[in-house]
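The residues making up each chain are set out below.
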Amino acid sequence: MKKSQKKSRVGDALVILLLPLTATLASELLNLNFLWSTVLYFAVPSVYLSLRSPQHVKKTLLWTLIPWLSVSFIFEYLAYTDQAWYVNNSVYRFLGNSFPIEDVLWGFLWSYLPIIFWKHFLDQK
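No experiment lies behind these values; they were computed from the predicted model shown.

K.L.:
Sorry, what's going on with the overall build of the protein here?
P.N.:
When helices and strands are counted, the protein shows four helices and zero strands. If you list the helices and strands of the protein from N to C, you get α-α-α-α. Buried positions account for 33% of the 125 residues belonging to the protein. Pairs at least 24 residues apart make up 64% of the contacts formed inside the protein by residues separated by at least 6 positions. Carbon and sulfur atoms make up 69% of the accessible area of the protein, which totals about 8,500 Å².

Below is the structure:
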């Protein structure tokens, strides 16, 4: 790895470490709901890493969408029916007012972020 690439990765790591701290401050100070907290904690770092390594986005989306689409809606609906998980102040709900849109976004980003993180920082092919 070139010296300029190493500096770039260190800068990216610093940004990725500071983003959750910023998200925590914003969530606490602004009393944000689940949707906006999800965006700050997961979407912002995901977009940042996607912009920094666009060559990995297609493969990351593929490896995120396959498991996410196959199990996400099933587990979300089951969690709703047995009352294991409920979001009081949801913006919009799916399937007969059962599970919230925030859970769908959270599930996707929760899968996407670690994969794009791995591809950006650790995959040295």
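K.L.:
Sorry if this is basic, but what is going on with the packing of aromatic side chains here?
P.N.:
Each aromatic ring pair is specified by the distance between its two centres and by the angle formed by the two planes. This structure, assessed with the given rule, holds four aromatic pairs. Aromatic pair F108 and Y112: ring centres 5.8 Å apart, planes at 25°, arrangement stacked. Residue F108 and its partner Y112 are located together in helix α4 (residues 101–122), separated by four residues, close to a single helical turn. Neither F108 nor Y112 differs from the other in exposure class; each is buried. Between F117 and F121, the aromatic rings sit 4.7 Å apart at their centres with planes inclined by 45°, giving tilted as the arrangement. Placement of both F117 and F121 in helix α4 is noted, with a separation of four residues, approximately one turn of the helix. Residue F117 is classed as partly exposed on the basis of its relative accessible area of 33%. According to the relative accessible area criterion, F121 is buried, its value standing at 14%. Among the aromatic residues, those joined into a ring-pair cluster are W68, F108 and Y112.

K.L.:
Teacher, can you tell me more about α4 here?
P.N.:
Because the α-helix completes a turn every 3.6 residues, residues three or four places apart line up on one side. A rise of 1.5 Å per residue sets the reference length of α4, with its 22 residues, at 32 Å; its end C-alpha atoms lie 31 Å apart and thus fit the reference within 8%. Those residues of α4 lying buried are E102, D103, V104, G107, F108, L109, Y112, L113, I116, K119, H120 and F121.

K.L.:
What exactly am I supposed to notice about the pattern of salt bridges here?
P.N.:
When charged atoms on two side chains of opposite charge get close, those side chains can pair. One pass over the structure, following the stated rule, counts two salt bridges. Its salt-bridge partner being R52, residue D12 comes within 2.9 Å of it at the nearest N-O pair. You can see D12 sitting in helix α1 (residues 3–30) and its partner R52 sitting in helix α2 (residues 34–52), a full 40 residues away along the chain. Under the relative-accessibility criterion, R52 is labelled partly exposed at 37%. For the salt bridge of K119 with D123, the shortest nitrogen-to-oxygen distance reads 2.5 Å. Of the two residues examined, K119 and D123, each falls in the buried class.

Conventions used here
- Residues numbered from 1 in each chain as written.
- Predicted model: local features only at pLDDT ≥ 70, side-chain atom pairs only at ≥ 80, totals over all residues.
- Heavy atoms only, no water.
- Helix = DSSP H or I, 4+ residues; strand = E, 2+ residues; numbered from the N terminus.
- Buried < 20%, exposed > 50% of the residue type's maximum accessible area, 1.4 Å probe, protein only.
- Contact = heavy atoms within 4.5 Å.
- Areas by Shrake-Rupley, 256 points an atom, 1.4 Å probe, with all protein chains shown as cover.
- Phe/Tyr/Trp six-rings, centres within 6.5 Å; stacked < 30°, edge-to-face > 60°.
- Expected span 1.5 Å × (residues − 1).
- Salt bridge = Lys/Arg side-chain N within 4 Å of Asp/Glu carboxyl O.

Worth remembering: the numbers are spatial, not functional.
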